[in-house]
Amino acid sequence: MYGYFLCYCILSKVLTLESNTMDLAVFAHVSSVIWRHDEGMIKINADVAVSKVTSTIGTGAIARDANGSILGILIKSYEGLTSPQLAEAMVVRNSMNLSVALNVGRVLIESDAESIVRSCSMSKDPPFDIAVFVQDCLTLKDSFQLCEFSFVKCDCNRAAHAYAKKAISCSLSDL
């Protein structure tokens with residue numbers, strides 16, 4: 001539909017996929033985080049992970065409603081992709097597509113890729129290699145009543161990063 005795998009799941013289902021305690025701790029953190037915002041607005045955290053061994057980049061995003069409940073999870077891996085900045089732009093664009101799929105009018109997208117956030121929120125000219133994805137974001141932005149982009153530190157993006165790592169290590173049949 002939008003060129004990515006959309007996984008609606010509950011936290012316990014995701015936990016059964018994890019085998020090491022570090023990943024379990026990150027996913028346990030997901031369930032303890034309460035994000036509160038206006039009713040009707042969702043927040044999506046988006047991030048990437050890179051495997052130099054397999055030349056694969058994984059992307060992950062997690063959508064939550066105003067009560068902190070998980071609405072959807074997006075994971076996708078890209079073999080042979082070598083640019084983390086390009087992957088960051090792709091996951092932000094895919095997060096917007098996730099918002100469209102969830103049929104929401106108001107969305108906040110958080111990423112630890114500051115240049116992507118700046119390009120999408122201030123309509124600044126992005127670097128050439130990500131320009132098409134930023135333009136997609138700016139076009140998709142008009143689909144929402146409200147669409148904001150926010151830069152967050154890596155520590156605030158651990159859940160999305162964990163899903164991005166999971167995208168590298170598993171296939172769709174594992175989910």
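Residues numbered from 1 in each chain as written. Predicted model: local features only at pLDDT ≥ 70, side-chain atom pairs only at ≥ 80, totals over all residues. Heavy atoms only, no water.

Participant: Looking at this structure, I do not really get the packing of aromatic side chains. What am I missing?
Facilitator: Remark: the centre distance and the inter-plane angle together describe each pair of aromatic rings, the angle taken between the planes. Enumeration over the complete set of coordinates arrives at 0 aromatic pairs. Here the basic side chain of Lys76 rests over the ring of Tyr78, its NZ or CZ set 5.1 Å away from the ring centre. (Phe/Tyr/Trp six-rings, centres within 6.5 Å; stacked < 30°, edge-to-face > 60°. Lys NZ or Arg CZ within 6 Å of the ring centre and 35° of its normal.)

Participant: For this particular structure, what's the right way to read the state of the cysteines?
Facilitator: Should the sulfur atoms of two cysteines be covalently bonded, the bond is a disulfide. Scanning the entire structure with this criterion turns up 0 disulfides. Unpaired in this structure, Cys147 has its nearest cysteine sulfur neighbour in Cys137, at a distance of 7.9 Å. The cysteine Cys154 is free of any disulfide, with Cys156 supplying the nearest cysteine sulfur at 9.3 Å. (Disulfide = S-S within 2.5 Å.)

Participant: How should I be thinking about the packing of helix α3 (residues 84-101) against helix α5 (residues 131-141) in this particular structure?
Facilitator: The description of two helices packed together rests on the angle between their axes and the distance between the axes. Running from N to C, α3 and α5 cross one another at 20°; their axes reach a closest spacing of 9 Å. The pairing of α3 with α5 is recorded here as roughly parallel in orientation. Like other packed secondary-structure pairs, α3 and α5 cross with a definite hand, here left-handed. Each of Leu86, Ala89, Met90, Val92, Arg93, Met96, Asn97 and Val100 in α3 lies in contact with α5, whose residues at this interface are Phe133, Asp136, Cys137, Leu140 and Lys141. In terms of residue class, the contact of α3 with α5 is built from 9 nonpolar, 1 polar and 3 charged. (Axes fitted to C-alpha atoms, helices over the stretch in contact; angles between N-to-C directions. Helix = DSSP H or I, 4+ residues; strand = E, 2+ residues; numbered from the N terminus. Parallel < 35°, antiparallel > 145°, perpendicular 65-115°, else oblique. Left-handed = near helix turned anticlockwise from the far one by under 90°. Contact = heavy atoms within 4.5 Å. Nonpolar A, V, L, I, M, F, W, Y, C, P; charged D, E, K, R; others polar.)

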